[in-house]
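Listed here are the chains, written in short residue letters.
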Amino acid sequence: MTTARRMSASVAAPEGVGIEVAEQFADATQQRHAAQLGMWAWLLTELLLFAGLFLCAAVLHVTHPAAVARAARHLKVWIGAANTAVLICSSLTMTGAITASRHGWRRWMLRCLLATAALGTLFLLLKGFEYYQDYLEHMTPFLDRPYALAGEPATRLYIDLYFLTTALHALHLTTGVAILLGMTWIARKPRFLHRHQNWIEVYGLYWHFIDLIWIMVFTLIYVVPR
Amino acid sequence: MSTSERAFRDPAPAPATIGRPPDYLHESHTLRSWFLTTDHKRIALLYLAAITAFFVVGAIAAGLIRLSLVVPNGEIFTNDTYNKIFTVHGVVMVWFFLIPSIPATFGNFLIPLMIGARDLAFPRLNLLSWYIFVGGALFTLADLIIGGVDTGWTFYAPFSTTFSNTYVIPALIGVIIVGFSSILTGLNFVVTIHAMRAPGMTWFRMPIFVWTHYATSLIFLLATPVITIALILLLMERAFGIGVFDPALGGDPVLFEHLFWFYSHPAVYIMVLPGMGVISEIVPAFAQKRIFGYRFIAYATIGLASITFVVWGHHMFVNGIGTGAAVVFSVLSFAVAVPSAVKVYNWTATIYKGRIRLQTPMLYAMGYIGLFVLGGLTGLFLATLAIDEHVHGTYFVVAHFHYIMVGGTMLAFLGGLHFWWPKFTGRLYPEAWGRISAFLIFIGFNVTFFPQFLLGYLGMPRRYHDYPPEFQLLNILSSAGATILAAGYLFPMVYLIWSLWFGERASANPWGARGLEWTTPSPPPAHNFARQPIVDFEPYAYPDPPADDDGAAHVG
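Residues numbered from 1 in each chain as written. Chains lettered and ligands numbered in written order. Predicted model: local features only at pLDDT ≥ 70, side-chain atom pairs only at ≥ 80, totals over all residues.

Topic: the overall build of chain B
The criterion, for reference: Strands are runs of DSSP state E lasting at least 2 residues, helices are runs of H or I lasting at least 4, and numbering of each runs from the N terminus. Put simply, the radius of gyration uses C-alpha atoms, and a globule should come to 2.2 Å times the residue count raised to 0.38. Any residue whose C-beta has 12 or fewer other C-beta atoms within 10 Å is treated as exposed, any with 20 or more as buried, and any in between as partly exposed, C-beta atoms being built from the backbone. Contacts here follow a simple rule: the backbone-placed C-beta atoms of the two residues must lie within 7 Å.
Looking only at helices and strands, one finds 16 helices and 0 strands in chain B. For a compact globule of 556 residues, the expected C-alpha radius of gyration is about 24 Å, and chain B comes in at 23 Å, within 12% of that figure. Burial analysis of chain B (556 residues in total) assigns 55% to the buried set. Contacts in chain B between residues far apart in sequence, at least 24 positions, make up 85% of those at least 6 positions apart.

Below, the structure written as structure tokens:
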């Protein structure tokens, strides 16, 4: 009952939105600017982290074009495409959470955050299903079992790279979902938006970026070499 | 005040400190207040302690290498032991000393002070990066010493992934972890410099030290992730057989070299640029003259940081990259000389007709300029394709990069340490000992490394400890120089620690230097400035030199 009352209260009268200024900052504007810039700088490093993998994929593509094309045709492009759609939807719900947080609609923000986490989890489930299919089709050359394309060693490099890249992305997404759930847990308390609204903004950048990285992975690993 | 009285350094309020707000060192005294601090100044000292410890380890390994090279047939250590010792030296000195040396200590301490901020933008992240650094580095060090690794600091595939029988995996994990500490430090500096400058502190009012750290931080952000992924790929290949570089599978080991040097060449500038920042502070202060060509030095800094991303191929001239690519990389590498020379000429022009005081930091700075020129010019030899074919993989290369890394970065580090020691600790060190150590290091360094140019030119290969007997004389000379160098390093460790208790108390600005950090007490209060500084002056606003050219009369 208290929950219901709190919900109606928060819908009727949005809470104040703001941030608690940390002692090293002169004011909230400076703190917001610093936090956003810090996240962008971090995302730049993430981009370069994946850039190394993309470079390896490009080099393999140039040195072994036929083998790479053959390997790429074994990837489950439809699962990849479905996952792209799932992540784009999750970016939409994340944007919803940010908008709600700006207006002080905590209840809606929480729902959107949970929906984002759910879509992220759906992505991971689909990804796991895809790995399982790869396993069934003997497309796991690094495991101690027969490999479907054993006749062409260079395909193995590309499949290795596919697993490394998607696993690294999945690791980022898993971390992302964990942070999202932790943040939702903290944000369930009233007055959260009064003190930490910019957490949502800054976290939103990360989520969108992980989404963007997936779009690059999907394009460069699944689609282009086919 | 007698020495014994000074010895009672005050936790209890002594008369001199009554009415004075406690500084960052005396604000609290518990271990907890140090190990859980978020004060950038204390974190800088934590870094200083950590990297000094790593430096000692790396230096001991260097001493063992020089010991082994005294005799030509390599009978002091076995081949395996020698390879492990030299991997300890390389890994510890490059990853755990040189890269964090100046940024993580002086940068951490001084950037907020120089731009008039209360702290870095993310103080807790700053503490976290120290723990990541110490954790990763100790892990690797334990592996290197207990297990041993024989790949050298470069971890070239396929040796590191397939053929080495040593404990490569833990070393890789440790180095990857330490990389995150670099990234977080760089991120913190970039955001701090963008967002935390005091009112009136425009970009072109920032000291060159801040400019160089900005450029260094950009390299941290842009290059470190690439080595992270390259080492992760190595790790996966070695640990799980998920190959990318393995030529047995059609993979490309040269690809690893590209990824490795895409980081590791810019990493040279991570080591060199902050040193240039230190020299750009010391030289105007001890010439009492406005720095010559401020904007040119600032632009040259950004220029160096940019060019450094497109010259990595000059490490690979003899490994089969195409001739066309080699020529392009060679020409681009020559281009590095331009911004480097801009800096050297500007420092020299700053000294010209200045009121020069040859105190310890200035001696180090002069040593730096000379050695950096020598290191830089021999770098041009190496950028020349035809000469590189001849001297690649010889001691010529070893001598070249030690002139840049030790002659450059290490001298700048020690110069900066002496220059800002009064600010860090509130104490002055004994000047005479400082000068003696500066001379010892300069002489010891040259005796150690100049013979290596000759050895390399005569064809002595690097990385082997078994060499033809005709090279023995120069090797003995080099090892003898290393003992002088070691003595030169020991002196500052002793007298700087001594000065913590017995050194004379320093004023806020003992050198008559300009810059915001000298306007606050030594040591500074916990929040750096009693009041928010407002900057309405240009950097290096030293008084103009007298027109009648009587500079010699002012020598102190």
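Remarks on the overall build of chain A
Across its full length, chain A carries 7 helices and 0 strands. The order of helices and strands in chain A, counted from the N terminus, is α-α-α-α-α-α-α. Its C-alpha atoms give chain A principal-axis dimensions of roughly 65 × 40 × 25 Å. Counting over 226 residues, chain A shows a buried share of 37%. Within chain A, counting contacts between residues at least 6 apart in sequence, those at least 24 apart form 79% of the total.

What to know about the environment of A300 of chain B
Residues and elements named next belong to chain B. For A300, the position within the fold is in helix α10 (residues 294-307). Residue classification places A300 among the buried residues on the basis of 25 C-beta atoms within 10 Å. Separated by 43 residues in sequence, A300 and E257 have C-alpha atoms that sit 28 Å apart. Apart from residues lying up to four places away in sequence, A300 is in contact with P339, V342 and K343.

Quick notes on the interface of chain A and chain B
Applied cut-off: Each residue gets one of three labels, nonpolar for Ala, Val, Leu, Ile, Met, Phe, Trp, Tyr, Cys and Pro, charged for Asp, Glu, Lys and Arg, and polar for the others, Gly among them.
Each partner contributes residues to the interface: chain A has 28 residues there, and chain B has 33 residues. Counting only elements with at least two residues in the side of chain A that touches chain B, the list comes to α2 (28-63) and α6 (153-187) of chain A. Broken down by element, the residue count for the side of chain A that touches chain B peaks at 16 residues, all from α2 of chain A. Here the side of chain A that touches chain B is built from residues that sort into 17 nonpolar, 8 polar and 3 charged.

Looking at the packing of helix α5 (residues 106-136) of chain A against α6 of chain A
All names here are of chain A. The cut-off we apply is this: In this analysis an axis means a line fitted to C-alpha atoms, helices contributing only their contacting stretch, and an angle means the value between N-to-C directions, from 0 to 180 degrees. Oblique is the label for every angle not falling under 35 degrees (roughly parallel), over 145 degrees (roughly antiparallel), or within 65 to 115 degrees (roughly perpendicular). Handedness of a crossing is defined here by the sense of rotation of the near helix relative to the far one, left-handed for an anticlockwise turn of less than a right angle and right-handed for a clockwise turn.
It is the contact of α5 with α6, at a shortest axis distance of 10 Å, that shows an interaxial angle of 155°. On the basis of the axis angle, α5 is roughly antiparallel to α6. For the pair α5 and α6, the sense of crossing is left-handed. Contacts between α5 and α6 involve M109, L110, L113, L114, T116, A117, G120, T121, F123, L124 and K127 on the former and, on the latter, T166, A170, L173, T174, G176, V177, L180, L181, M183, T184 and A187. Of the residues contributing to the contact of α5 with α6, the split by class is 14 nonpolar, 7 polar and 1 charged.

Remarks on unusual backbone geometry
All names here are of chain B. Put simply, A157 and P158 share a cis peptide bond, and its omega is 0°. Counting through the fold element by element, P158 comes out in the loop between α5 (123-147) and α6 (159-163). Note the cis peptide between S522 and P523, where omega equals -15°. Following the sequence through the fold, P523 ends up in the segment after α16 (472-502). We note that Q288 has phi near 50°; this positive angle belongs to a residue other than glycine. Along the chain, the position of Q288 falls in the loop between α9 (253-287) and α10. Classification of Q288 by C-beta neighbours within 10 Å gives buried; the count is 20. Residues other than glycine seldom take positive phi values, yet N528 does so here, at roughly 75°. Among the secondary structure elements, N528 is positioned in the segment after α16. In this structure N528 comes out as buried when scored by C-beta crowding, with 22 C-beta atoms within 10 Å.

As for the environment of V311 of chain B
Residue and element names in this part refer to chain B. Within the secondary structure, V311 is located in the loop between α10 and α11 (323-351). Given 23 C-beta atoms within 10 Å, V311 falls into the buried group. For V311 and H390, which are 79 residues apart along the polypeptide, the C-alpha to C-alpha distance reads 20 Å. Apart from residues lying up to four places away in sequence, V311 is in contact with H265, F329, L332, S333 and V336.

Observations regarding α16 of chain B
All names here are of chain B. To keep things clear, this is the line we draw: By this rule, a helix spans an expected 1.5 Å times one less than how many residues it contains.
The first and last C-alpha atoms of α16 sit 45 Å apart over 31 residues, in line with the 45 Å expected at 1.5 Å per residue. Along α16, the residues that are buried comprise N475, S478, S479, G481, A482, L485, G488, P492, L496 and S499. In this structure, the buried side of α16 is in contact with α3 (40-68), α14 (395-425) and α15 (431-458).

Some points on the packing of helix α3 (residues 65-73) of chain A against α6 of chain A
Residues and elements named next belong to chain A. With their axes 8 Å apart at the nearest point, α3 and α6 run at an angle of 55° to one another. Looking at the two axes, α3 sits oblique to α6. Between α3 and α6 the crossing geometry is right-handed. Mapping the contact onto sequence places A67, V68, R70, A71 and A72 in α3 and A154, T155, Y158 and I159 in α6. Its residues assigned to classes, the contact of α3 with α6 shows 7 nonpolar, 1 polar and 1 charged.

Looking at the confidence of the model for chain B
Residues and elements named next belong to chain B. Rules: Per-residue confidence from the predictor is given as pLDDT, running between 0 and 100.
Looking at chain B, the pLDDT average stands at 91 and 94% of residues meet or exceed 70. Mean pLDDT values for the elements of chain B range from 38 in helix α1 (residues 3-7) up to 97 in α3. Throughout residues 551-556 the model reports pLDDT below 50, and contacts reaching past four residues in sequence, or to other chains, amount to 8 contacts. For this predicted complex, the interface score ipTM comes out at 0.90, while the overall pTM is 0.92.

Comments concerning the environment of A506 of chain B
One can find A506 of chain B in the segment after α16. If sequence neighbours within four positions are ignored, A506 of chain B has contacts with P422, G426, R427, L428 and S522 of chain B.

Topic: the confidence of the model for chain A
A residue-level look at chain A finds 93% of positions with pLDDT of 70 or above and a mean pLDDT of 90. Contacts from residues 1-12 of chain A, a stretch scored under 50 in pLDDT, to residues over four places away or in other chains number 7 contacts.

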